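Next come the chains, spelled out residue by residue.
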Amino acid sequence: MLKKTVLQKFDKELFKNSVIYNVKTLYRKTLEEATQQQIFQAVAYAIKDVIVDNWMNTQKEYAKQDPKTVYYLSMEFLMGRALGNNLINLQAYNDVAEALEDLGIDINLVEDQEPDPALGNGGLGRLAACFLDSLTTMGYSAYGCGIRYRYGMFKQEIRDGYQIEVPDNWLADGNPFELRRPEYAKEVKFGGYVNVYVDENGRNNFKQEGYQSVKAIPYDMPIVGYGNGIVNTLRIWDAEPVECFQLESFDKGDYQKAVEQENLARNIVEVLYPNDNHYAGKELRLKQQYFFISASVQEAVEKYMRKHDDIRKFHEKVTFQLNDTHPTVAIAELMRILMDDYYLTWDEAWAVTTKTCAYTNHTIMAEALEKWPIELFSRLLPRIYQIVEEINRRFIAQVSQQYPGDQNKIAKMAIIYDGQVKMAHLAIVSGYSVNGVARLHTEILEKQELRDFYEMMPEKFNNKTNGITQRRFLLHGNPLLAQWVTDHVGNDWITDLSKISGLKIYAEDEKAQQEFMNIKYQNKVRLARYILEHNGVEVDPRSIFDVQVKRLHEYKRQLLNILHIMYLYNELKNNLQLEFYPRTFIFGAKAAAGYRNAKLTIKLINAVADVVNNDPSIGGKIKVVFIEDYKVSNAEWIFAAADVSEQISTASKEASGTGNMKFMLNGALTLGTMDGANVEIVEEVGMENTFIFGLSSDEVIRFENYGGYNPMDIFNNDPDIRRVLMQLINGTFAPYDTELFRPLYNSLLNTQSTSKADMYFILKDFKPYAEAQRRVEAAYRDEANWAKSAILNVACSGKFSSDRTIQEYVDDIWHLDKVVLPKRVEKPKAK
Ligand code: 7GP
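Along each chain, residues carry numbers from 1 onward, in the same order as the chain's sequence is written. Reporting of local features is limited, given that this is a predicted model, to residues whose pLDDT is at least 70; pairs of side-chain atoms are given and counted only at 80 or more, and all residues count toward the totals for whole chains, interfaces and linings. Only hydrogens and water are set aside when side-chain values are computed; all heavy atoms of the structure are taken into account.

Visitor: Summarise the overall build of the chain; cite the residues concerned and give the values.
Guide: We count a stretch as a helix when DSSP gives it H or I for four or more residues in a row; a strand needs E for two or more, and each element gets its number in order from the N terminus. Regarding its fold elements, the chain presents 33 helices and 25 strands. Taken against the 2.2 N^0.38 rule, which gives 28 Å for 831 residues, the C-alpha radius of gyration of the chain at 28 Å falls within 12% of a compact globule. Projected onto the principal axes, the alpha-carbon positions of the chain cover approximately 95 × 85 × 55 Å. Burial classification: accessible surface area is computed with a 1.4 Å probe over protein chains only, and a residue below 20% of its type maximum counts as buried, one above 50% as exposed, and the rest as partly exposed. Here the chain holds 831 residues, and 60% of them are scored as buried. In this analysis, two residues are considered to be in contact whenever any of their non-hydrogen atoms come within 4.5 Å of each other. Contacts spanning at least 24 positions in sequence make up 77% of the contacts within the chain whose residues lie at least 6 apart. Here Asp and Glu are counted as negative and Lys and Arg as positive; His is not counted, and neither are the chain ends. Taken as the charge centre is NZ of Lys, CZ of Arg, CG of Asp or CD of Glu, depending on the residue. For the chain, the centre of its 97 positive side-chain charges and the centre of its 113 negative side-chain charges are spaced 2 Å apart. What the globule rule says is 2.2 Å times the number of residues to the power 0.38, and the radius of gyration is computed from C-alpha atoms.

Structural data, given as structure tokens:
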């Protein structure tokens, strides 16, 4: 590649030459001959060249300053496309766009060639990606550690209204931004048994024998900080067989083992489990967890020991953040390495481990709690299991001492109980911090879900309300609004979102209101074009864009939304003269492949869309659109175009939500329940600039504790609701199969043997929701007032930057050192 780099002063000609050069050396083509994909690759390599310089420089500076480092351990990193984001953070987006234009290339088309690295399901994985952006922009030393899945989150196609899962071969054209680092490969061992040998010093040596192993190979992806020259690393591990298949093994009688090892390596990183907020208990999933954790922890320890000599002080330079319980085996793996490889005593190893590991909880949904059967856990990870048993034994002794004679405490708090290893308990007992992701969520953890632990160790508990990066979700996703914000308050908001509050004084300014609404309109036109291209549905950008995009889950209540649309349609049909402001209801959601009711809800949305969109009698007043394959890249456009943000989960169930914040930042008004971070959004922007409805979390929890409520009472007494429910089973939306939606009907009304009727209080909240929707319509008719509220939403979104969240993690949990790169002096050029 070309030698001279650094975009600090962007050299347009150099960049153009670099692209042309890359197309030539990579593909033996000229720009005119190259495909769009090849041009994307050439541009990406030109940018990578710049990034790598900054990357090396950053790592050199880290080596010098030796700052404390956080390892963010996560099964998921939902990064989204890198090219545009990297250009934004290099402050080179406009320059590069211009340079490409000179070459006759549209930067949007180039960006559109990049597959979304979808190594995550939803909120938890996207949060990890936002955190890496903030950590780097704020100058903290950080590694993201995860898995390089060959297949990320499946691509969703809608055929005949049904979701079809298509494999996401995101690496098909190669990933130009990554670097393979075979020199840091690690061996990870599975199975076998543990033998104890007494060594010459009289110490017990534990050795895992008869195991199978896999070689973990790291691939590094650069994380570019905004405007500061800092580049951190996302390290994702690929698996390879320890040795190539050798005929030799056959002779040794190890043929079977060689085949098995080869298969293990092939399978382990094959695919991301597509479950959000749900635990499936698959053996391969536990293998994935230990695979990337063992490799990451080994590397963290080795890296530390390359510069320090006392492993007992590991925690002074390193901290591990466990992104939910998925990486919790890190606790036992660190204990193992400290004791078995560095000969620390149990107490010494425990002292280090309990000051290194911290745990974030992301859900209270019971079905998401990880509990591994002992049989499986101990067979796969024999040495790790021994260590967990010992942690458990000591912890139980402690509980018995603190609560003498209270067997119930032990039953509720033990790490190993009922034949299962409870990962959340292990994380809480062995870590120094336990945090929830929004104030309400943390309160529920303390008072309900984790109450016993909170009572025993209150000092560990803390809240860290989630956040999002404004660099991707405003600066990149909504350039028009970003420019408008900058025109009014300057550009400090890009790295300090609290500055966006300067917009407040424009909320009542007529000119500002018009400009704002005009930008929103243009973004709606952009989305309408996308919808026409991808869905073949025409939508009117002058209608209210009412949007619910997130994973499909019963607790998120997309069903409430679509039932309400059915109700509105009935109202309109009853009275075609009804005053009705045209509305476009937009959905986007993937359902876990095995989640029947979720998939059926997608079908229902599409079935309703079919009828409503094609009924000329309602004059296009209601449109329903299901956007196929909701993902980070189209999300950026969707948030920018939304008027109404649907955040309608059953109160107490959504730990935080982060989409709610992205909508707010883009000036959509929240229609929601008092759940998760919605509570804090309302607190920031004021109730009057939101539409809040429904049961409170206390009310929901009270109902749950008293065995639910009876939805039949509502069904019997409310003809509107009854009509909508009957339409689920009388063929209104499925004339060819009247029974199609019966399972949804049953979930609301029938006390099936397995679950309670209407567990998520959809019928209970239905009328309050409809009433809130009427308020939305009335408010939208008053355009000036709507614009005021929308501007205030943008202006009050400062709290929800992930920069704020990260600073709180740093101050209260991690205690990292801030790194500042020395100003680089441009050397005078020799003549
Ligand atoms: C999600 C929560 O559902 C969401 O409310 C929150 O904003 C997000 O984490 C980030 O904290 N949880 C998951 O995605 C998930 O799978 C189970 O949690 C482990």
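Visitor: Any details on the site of the ligand? Residues and values, ideally.
Guide: Distances are taken per atom, and a residue is near a molecule or strand as soon as one of its heavy atoms is within 4 Å of it. Neighbouring the ligand are 17 residues; N277, H362, N466, E654 and G657 lie closest to it. For the ligand, an oxygen atom lies 2.9 Å from a polar atom in the backbone of N277. Separating an oxygen atom of the ligand from a side-chain N or O atom of N466 is a distance of 2.8 Å. Only the protein chains shown count as covering a residue, and every accessible area follows the Shrake-Rupley method with a 1.4 Å probe. With the chains in place, 96% of the 450 Å² that the ligand exposes on its own is no longer accessible. The residue inventory of the shell around the ligand, partitioned by class, reads 5 nonpolar, 9 polar and 3 charged. Domain assignment of the residues forming the shell around the ligand places at least three in each of domain 2 (66-81 + 116-431) and domain 3 (470-803). We define a polar contact as two N or O atoms separated by no more than 3.5 Å, with the added condition that, inside protein, one atom must be a possible hydrogen donor and the other a possible acceptor, whereas residues neighbouring each other in sequence contribute only through side-chain atom pairs. When residue character is reported, Ala, Val, Leu, Ile, Met, Phe, Trp, Tyr, Cys and Pro are called nonpolar, Asp, Glu, Lys and Arg charged, and the others, Gly included, polar. What counts as a domain boundary in this text is fixed by an automatic or database domain assignment.

Visitor: Quick rundown of the sheet that holds strand β20 (residues 544-549)? Include the residues and the values.
Guide: Criterion used throughout: strands pair if DSSP finds at least two bridges between them. Sheet architecture is open: 6 strands sit in the order β22-β21-β20-β23-β24-β25, paired in parallel fashion. For this open sheet the edge positions go to β22 (622-627) and β25 (691-692), each flanked by a neighbour on one side alone. Sheet topology note: the strand β23 (residues 644-647)/strand β24 (residues 669-672) ladder contains 4 bridges and is parallel. By the bridge assignment, Q647 is partnered in β24 with G672.

Visitor: Could you give an account of the environment of V608, naming the residues involved and the relevant values?
Guide: Looking at where V608 falls in the secondary structure, it is placed in helix α23 (residues 596-613). Between the alpha carbons of V608 and I565 there is a distance of 8.4 Å; along the sequence they are 43 residues apart. Beyond its immediate stretch of four places on either side in the chain, V608 contacts I562, I565, M566 and F733.

Visitor: Can you tell me about the pattern of salt bridges, naming the residues and giving the values?
Guide: Two side chains with opposite charge may pair up if their charged atoms get near one another. Any carboxyl oxygen of Asp or Glu that lies within 4 Å of a side-chain nitrogen of Lys or Arg is treated as forming a salt bridge with it. By the definition in use, this model includes 63 salt bridges. Where R180 meets E240, a salt bridge forms, and the shortest distance between an N and an O atom there is 2.6 Å. Here R180, found in strand β7 (residues 179-180), pairs with E240, found in strand β12 (residues 231-241); they are 60 residues apart in sequence, far enough to count as distant. Take R180: its relative accessible area is 38%, and that puts it in the partly exposed class. E240 gets classed as partly exposed once you look at its relative accessible area, which sits at 21%. Where R235 meets E299, a salt bridge forms, and the shortest distance between an N and an O atom there is 3.7 Å. Of this pair, R235 sits in strand β12 while E299 sits in helix α9 (residues 283-307); the two residues are 64 residues apart in sequence, bridging distant segments of the chain.

Visitor: Run through the environment of V19, naming residues and quoting values.
Guide: Along the chain, V19 turns up in helix α1 (residues 12-27). The class for V19 is buried, based on a relative accessible area of 0%. Here the alpha-carbon distance between V19 and G502, two residues 483 residues apart in the chain, equals 40 Å. Setting aside chain neighbours within four positions, we find V19 in contact with L31, A42, V43 and A46.

Visitor: Tell me about the nonpolar core, and name the residues and values.
Guide: Within the largest apolar cluster, 154 residues are counted, with the highest numbers of intra-cluster contacts made by F15, I622, L728 and F741. Those residues in contact with L728 that lie beyond four places of it in its chain are L563, M566, L604, T738, F741, R742, L744, Y745 and L748. Grouped together as the second largest cluster of nonpolar side chains are 120 residues, M75, A118, Y149 and Y279 included. Take the buried Ala, Val, Leu, Ile, Met, Phe, Trp, Tyr and Cys residues and link them wherever side-chain atoms come within 4.5 Å; each set so joined is a nonpolar core.

Visitor: So, the UniProt feature "modified residue: N6-(pyridoxal phosphate)lysine" (unreviewed entry) in the chain: which residues are in play, and what are the values?
Guide: According to UniProt, the positions carrying the feature "modified residue: N6-(pyridoxal phosphate)lysine" (unreviewed entry) are K662. Locating K662 in the fold gives a position in helix α25 (residues 659-665). In this structure K662 comes out as buried when scored by relative accessible area, which is 6%. Ignoring any residue separated from it by four or fewer positions in sequence, one finds K662 in contact with R126, I468, F473 and F639. UniProt positions are given in the numbering used here, feature names are shortened, and annotations may be inferred rather than shown by experiment.

Visitor: Any details on the pairing of strand β5 (residues 155-159)? Residues and values, ideally.
Guide: It is a general feature of regular strands that their side chains alternate between the two faces of the sheet. Strand direction decides the pairing type here: β5 and strand β6 (residues 162-166), joined by 5 bridges, are antiparallel. Within the sheet, the bridge partner assigned to E157 lies in β6 and is I164. Between the end of β5 and the start of β6, which pair antiparallel, lie 2 residues, with D160 showing a positive phi angle near 55 degrees.

Visitor: Could you give an account of the packing of α23 against helix α30 (residues 742-749), naming the residues involved and the relevant values?
Guide: At a closest axis distance of 9 Å, the pairing of α23 and α30 adopts a crossing angle of 115 degrees. In this structure, α23 meets α30 at a crossing whose hand is left-handed. On α30, the residues that touch R596, N597, L600, T601 and L604 of α23 are P743, L744 and S747. Of the residues assigned to the contact of α23 with α30, the class counts are 4 nonpolar, 3 polar and 1 charged. Helix axes are fitted only over the stretch in contact, all axes being lines through C-alpha atoms; the angle between N-to-C directions runs from 0 to 180 degrees. Two helices cross in a left-handed way if the nearer one is turned anticlockwise from the farther one by less than a right angle. They cross in a right-handed way if the turn is clockwise.

Visitor: I'd like to hear about the domain arrangement of the chain, residue by residue, with values.
Guide: Looking at the chain, the domain boundaries give domain 1 (1-65 + 86-115), domain 2 (66-81 + 116-431) and domain 3 (470-803). Computed over C-alpha atoms only, the centres of domain 2 and domain 3 are separated by 36 Å. Summed over both partners, the accessible surface that disappears when two parts come together, traced with a 1.4 Å probe, is what is meant by buried area. Summing the contributions of domain 2 and of domain 3, the shared interface buries around 2900 Å²; its carbon and sulfur component is 53%. The largest per-residue losses of area from domain 2 upon contact with domain 3 belong to Q156, Y226 and M365, which jointly make up 19% of the total buried on that side. Where domain 2 touches domain 3, the interface holds 3 salt bridges. Note that K599 and E165 form a salt bridge whose closest N and O atoms lie 2.6 Å from each other. Per-element tally for the side of domain 2 that touches domain 3: the top contributor is helix α6 (residues 123-137), with 8 residues.

Visitor: Run through helix α16 (residues 423-430), naming residues and quoting values.
Guide: In terms of residue burial, α16 counts as a mostly covered element, since 8 of its 8 residues are buried. When α16 is considered as a whole, its buried residues turn out to be M423, A424, H425, L426, A427, I428, V429 and S430.

Visitor: Could you give an account of the sheet that holds strand β15 (residues 371-373), naming the residues involved and the relevant values?
Guide: The sheet built from 3 strands is open, its strands ordered β15-β17-β16 with antiparallel pairing. Two strands bound the open sheet, and with one partner strand each, they are β15 and β16 (416-417). Bridge count between β16 and strand β17 (residues 420-422): 2 bridges; the pairing is antiparallel. Bridging from a neighbouring strand, I416 pairs with V421 of β17. Its contacts with the sheet place α16 against β15 and β17, and it is angled at close to 45 degrees to β17.

Visitor: Any details on the side chain of N277? Residues and values, ideally.
Guide: Looking at where N277 falls in the secondary structure, it is placed in the loop between α8 (255-268) and α9. Among the polar contacts made by the side chain of N277, one reaches the side chain of D276 at a distance of 3.0 Å. In terms of polar contacts, N277 uses its side chain to reach the side chain of T363, at 2.7 Å. With residues near it in sequence (within four places) discarded, N277 still touches H362, T363, M365, E367, A368, H553 and Y555.

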